[in-house]
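Residues per chain, in single letters:
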Amino acid sequence: MGGGHAGGASPYAAKHRQALQGQSGWAGLVHNRKIFANAVFASLGGLLYGYNQGVFSGVLSMNSFKQRMASAVSNPGTKGWLVSILELGAWVGVLSTGYLADKLSRKYTIMLAVCIFCVGVAVQTAAFQPSSIYGGRFITGLGVGSLSMAVPLYNAELSPPEVRGSLVALQQFAITFGILISFWIDYGTNYIGGTGSGQSEVAWRVPLAMQLVPAVILGIGVIFMPFSPRWLVNQGRDEEAVVVLGNARRLPPDSDLVQIEFLEIKAQYLFEKELNALKFPQFQDGSFSSNFKLGLHAYMSLLTSRTLLYRVTVGSLTMFFQQWTGVNAILYYAPSIFSDLGLTGNATSLLATGVVGVVMFLATIPAVIWIDKVGRKPVLISGAFLMATCHLIVAVLTALYHNSWSSHPTAGWVACACVWVFAVAFGYSWGPCSWILVAEIWPLSIRGKGISIASSSNWMNNFIVGQVTPTMLTHIGFGTFVFFGVFAFLGGIFIMFFVPETKGLTLEEMDDVFGDREGLAVADQQRQNAIADRIGLTAFGQRKGGSDNEKSSHELFDDEGKA
């Protein structure tokens, strides 16, 4: 999918880097242990989201919570708002994070998001009225949404290209781990004071409060983590960027691999900077007003540039289809769904919900290990079709036996098993891969803004799914599963025909798969080549590798144009 061009501003340097870089998958993760450790720690942000997402499904079904928040839980409409208001807050949070990530740094944005998250959790834990749950979940959503963008962005920019997919997949791995532990904590605390009308309110306040533990750990620990090398280059802090890249690779700063990666980042940054200066010379004085207008034009370029609009479409629709597979309908309302499928007793429904967390978590592990070997498209397509199949089987069984589950227990357990298989399919495919795509498809200058737009699609659709699911389950029953199954199938078709494969490419090589010569004007390509020659990237590649080392980037570009 990458075409004949090796990618970036200098094909010679790119080829030499590809020859020097390590293995993909698990072997690459082991080789880059420091990056792996940093990414695992940063992905605590995903754990916070997963835990918050999973814990509330169990809390909603607890008798003491129903008694305390009866006015909100008893009505399907207000119950939907109780769940979905977090996603509304996350939508606002992720839209504001694009600017913050570019201005404050990815690192400090994560710290700010953690602080906001903690405030929201405290309000929820101390709640005595539904209004406090609404407000607390909205504030928590602001932090969760910001983390959902900042953490994959940080991991993608710190990751070597050969393991970038696996490292970004840690975000989904962390989310599923958070879901897993939240389900089982709910199952355990459900017994505090008994499972009946005498249940203690501690049963739901404790699992809500426990979100603060990983949040505080992340907030303190991120202080000691490095800045993104790509953000450092954007700020003109080149020496620091080289040091971070060297530490990430566990190589000296003057090693070939570190120097090539730094020069590729620098070339892309200079290209975007010079292009901005050419297009908007009136906004180059460095003032707040000029920077704001440049940022506004950067957002507008997402719609006016053909290659960027393609990326917006891919990112936004990937997130759209991720949510309309119905995954969060399952996660938010799993206990209710299992009860509807014939499982009796709140504890039994919570137990079945816990199994969803276990299988989804286990299914994410292969994605982390093999996503950079298999590629994005095969994983996404297979997952979509498997999820669609599970939805349709559940729909058929529910249509046939929804009034007689007690006399058809086998059918009920088959339906439950399909929900578990659905969780497996999502765990290895659309869970990690959608975030990988959104994190890796953007050019440096508008990466933060691009990810914020695409991720906002996730949260807005997540909000809508959480809002409408109780009403759908109440009024159209098995039609809910048909609805989500159709969208899962359409998601697979979309990936099959409209999304390019991005496996193994550097972030700077994404221009190739999203337009190449057609997306970049000849003058822009020549400008990239001129920058590569000027900063020594072309000379470095010629000196270190390539049999045509007497040619410059300009000459190679001309040769490829004739081919």
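Residues numbered from 1 in each chain as written. Predicted model: local features only at pLDDT ≥ 70, side-chain atom pairs only at ≥ 80, totals over all residues. Heavy atoms only, no water.

## With respect to the overall build of the chain
Item 1. Regarding its fold elements, the chain presents 29 helices and zero strands.
Item 2. When contacts within the chain are restricted to residue pairs at least 6 apart in sequence, long-range pairs at least 24 apart make up 81% of them.
Item 3. For the chain, the exposed surface amounts to about 20200 Å²; the carbon and sulfur share of it is 67%. (Helix = DSSP H or I, 4+ residues; strand = E, 2+ residues; numbered from the N terminus. Contact = heavy atoms within 4.5 Å. Areas by Shrake-Rupley, 256 points an atom, 1.4 Å probe, with all protein chains shown as cover.)

## A word on the packing of aromatic side chains
Item 1. One pass over the full model with this rule turns up 22 aromatic pairs.
Item 2. Here phenylalanine 320 and tryptophan 324 contribute two aromatic rings whose centre-to-centre distance is 6.3 Å and whose plane-to-plane angle is 40°, an arrangement assigned as tilted. With phenylalanine 320 and tryptophan 324 both in helix H17 (residues 306-324) and four residues apart, this pair spans about one turn of that helix.
Item 3. With a centroid separation of 6.1 Å and 25° between ring planes, the pair formed by phenylalanine 494 and phenylalanine 498 is classed as stacked. Placement of the pair is phenylalanine 494 and phenylalanine 498 together in helix H24 (residues 479-498), with a separation of four residues, close to one helical turn.
Item 4. Looking at phenylalanine 494, the relative accessible area reads 8%, which means it is buried.
Item 5. Among the aromatic residues, those joined into a ring-pair cluster are Phe320, Phe321, Trp324, Phe483, Phe484, Phe487, Phe494 and Phe498.
Item 6. If you follow arginine 137 out to its NZ or CZ, it ends over the ring of phenylalanine 56, 3.9 Å from the centre.
Item 7. Across from the ring centre of phenylalanine 227, 5.1 Å away, lies the NZ or CZ of arginine 237, which sits over that ring. (Phe/Tyr/Trp six-rings, centres within 6.5 Å; stacked < 30°, edge-to-face > 60°. Buried < 20%, exposed > 50% of the residue type's maximum accessible area, 1.4 Å probe, protein only. Lys NZ or Arg CZ within 6 Å of the ring centre and 35° of its normal.)

## Focus on H24
Item 1. Here H24 spans 28 Å end to end across 20 residues, near enough to the 28 Å set by a 1.5 Å rise per residue.
Item 2. Turning to H24, its buried residues are Gly479, Thr480, Phe481, Phe484, Gly485, Phe487, Ala488, Gly491, Gly492, Phe494 and Ile495. (Expected span 1.5 Å × (residues − 1).)

## A look at the packing of helix H4 (residues 44-61) against helix H11 (residues 202-209)
The relative placement of two packed helices is expressed as an angle between their axes plus a distance between the axes.
Item 1. Relative orientation of the contacting elements H4 and H11 amounts to 175°, with a least axis distance of 10 Å. Between H4 and H11, the crossing angle belongs to the class labelled roughly antiparallel. Residues Tyr51, Val55, Phe56 and Val59 of H4 form the contact with H11, whose own contacting residues are Trp204, Pro207 and Leu208.
Item 2. Residue classes in the contact of H4 with H11 are distributed as seven nonpolar, no polar and no charged. (Axes fitted to C-alpha atoms, helices over the stretch in contact; angles between N-to-C directions. Parallel < 35°, antiparallel > 145°, perpendicular 65-115°, else oblique. Nonpolar A, V, L, I, M, F, W, Y, C, P; charged D, E, K, R; others polar.)

## Remarks on the packing of helix H7 (residues 76-103) against helix H9 (residues 130-158)
Item 1. Contact geometry of H7 with H9 gives a least axis separation of 6 Å together with a crossing angle of 40°. What the angle tells us is that H7 and H9 run oblique. Considering only the axes of H7 and H9, their crossing is right-handed.
Item 2. Class assignment for the residues of the contact of H7 with H9 results in 17 nonpolar, 10 polar and one charged. (Left-handed = near helix turned anticlockwise from the far one by under 90°.)

## Digging into the confidence of the model for the chain
Caution is warranted with low-pLDDT regions, since their predicted coordinates should not be read in detail.
Item 1. For the chain, per-residue confidence averages 79 on the pLDDT scale, and residues scoring 70 or more make up 82% of the total.
Item 2. This stretch, residues 1-8, has a pLDDT under 50; its non-local contacts, to residues over four places away or in other chains, come to 23 contacts.
Item 3. This stretch, residues 516-522, has a pLDDT under 50; its non-local contacts, to residues over four places away or in other chains, come to 12 contacts. (pLDDT = per-residue confidence, 0-100.)

## Some details on a nonpolar patch on the surface
Item 1. A surface patch of nonpolar side chains, amounting to about 480 Å² of accessible area, comprises Leu392, Phe478, Val482, Val486, Phe489 and Leu490.
Item 2. At four residues, the largest contribution of residues to the nonpolar patch is made by H24.
Item 3. Relative to the helices and strands, leucine 392 is located in helix H20 (residues 376-401). (Patch = residues over 30% accessible without salt bridge, like charges linked within 9 Å, V, L, I, M, F, W, Y side chains within 5 Å. Salt bridge = Lys/Arg side-chain N within 4 Å of Asp/Glu carboxyl O.)

## A closer look at the environment of leucine 473
Item 1. On the secondary structure map, leucine 473 appears in helix H23 (residues 447-475).
Item 2. A sequence separation of 136 residues divides leucine 473 from isoleucine 337, and the C-alpha atoms of the two residues are 8.4 Å apart.
Item 3. Apart from residues lying up to four places away in sequence, leucine 473 is in contact with Ile337 and Thr480.

## Some details on unusual backbone geometry
Item 1. The phi dihedral of serine 105 falls on the positive side, at around 105°, and the residue is not glycine.
Item 2. Serine 105 sits in the buried class, given a relative accessible area of 0%.

## With respect to the nonpolar core
Item 1. The biggest cluster of nonpolar side chains holds 111 residues, and the ones touching the most others in it are Ile110, Leu147, Val356, Trp430 and Trp442.
Item 2. Non-local contacts of leucine 147, meaning those with residues more than four positions away in its chain, are made with Gly45, Leu48, Ile110, Ala113, Val114, Pro152, Gln171 and Leu218.
Item 3. The next biggest cluster of nonpolar side chains, apart from the first, holds 17 residues, and it includes Ala72, Val83, Ala127 and Ala203. (Core = buried A, V, L, I, M, F, W, Y, C linked by side-chain atoms within 4.5 Å.)

## Describing the pattern of salt bridges
Item 1. According to the stated counting rule, one finds seven salt bridges in the structure shown.
Item 2. The partner of glutamate 201 in a salt bridge is arginine 205, with the nearest N and O atoms 2.9 Å apart.
Item 3. When its relative accessible area of 22% is taken as the criterion, glutamate 201 is described as partly exposed.
Item 4. Classification of arginine 205 as buried rests on a relative accessible area of 14%.
Item 5. The salt bridge partner of arginine 534 is glutamate 274, with a shortest N-O separation of 2.5 Å. Taken together, the residues span a long stretch of sequence, with arginine 534 in helix H27 (residues 522-535) and glutamate 274 in helix H15 (residues 256-279) at a distance of 260 residues.
Item 6. Residue classification places glutamate 274 among the partly exposed positions, given a relative accessible area of 29%.

## Brief notes about the state of the cysteines
Note: disulfide means a covalent bond formed between the sulfur atoms of two cysteine side chains.
Item 1. If you walk through the whole model with that rule in mind, you get zero disulfides.
Item 2. Free of any disulfide, cysteine 416 has its nearest neighbouring cysteine sulfur in cysteine 418, separated by 9.3 Å. (Disulfide = S-S within 2.5 Å.)

## What about the side chain of threonine 325?
Item 1. Checked against the element boundaries, threonine 325 lands in the loop between H17 and helix H18 (327-340).
Item 2. Accessibility expressed as a relative area gives 1% for threonine 325, which makes it buried.
Item 3. For threonine 325, the side chain forms a polar contact with the main-chain oxygen of glutamine 322, separated by 2.7 Å.
Item 4. Residues within four places of threonine 325 in sequence aside, it is in contact with Met387, His391, Phe422, Phe426, Phe484 and Ala488. (Polar contact = N/O pair within 3.5 Å; in protein donor to acceptor, adjacent residues only side chain to side chain.)

## Overview of the environment of glycine 219
Item 1. Tracing the backbone shows glycine 219 in helix H12 (residues 212-221).
Item 2. Taking relative accessible area as the criterion, glycine 219 reaches 17% and is therefore assigned buried.
Item 3. In this structure the C-alpha to C-alpha distance between glycine 219 and tyrosine 108, which are 111 residues apart in sequence, comes to 9.6 Å.
Item 4. Those residues in contact with glycine 219 that sit more than four places away from it in its chain are Met111 and Val114.

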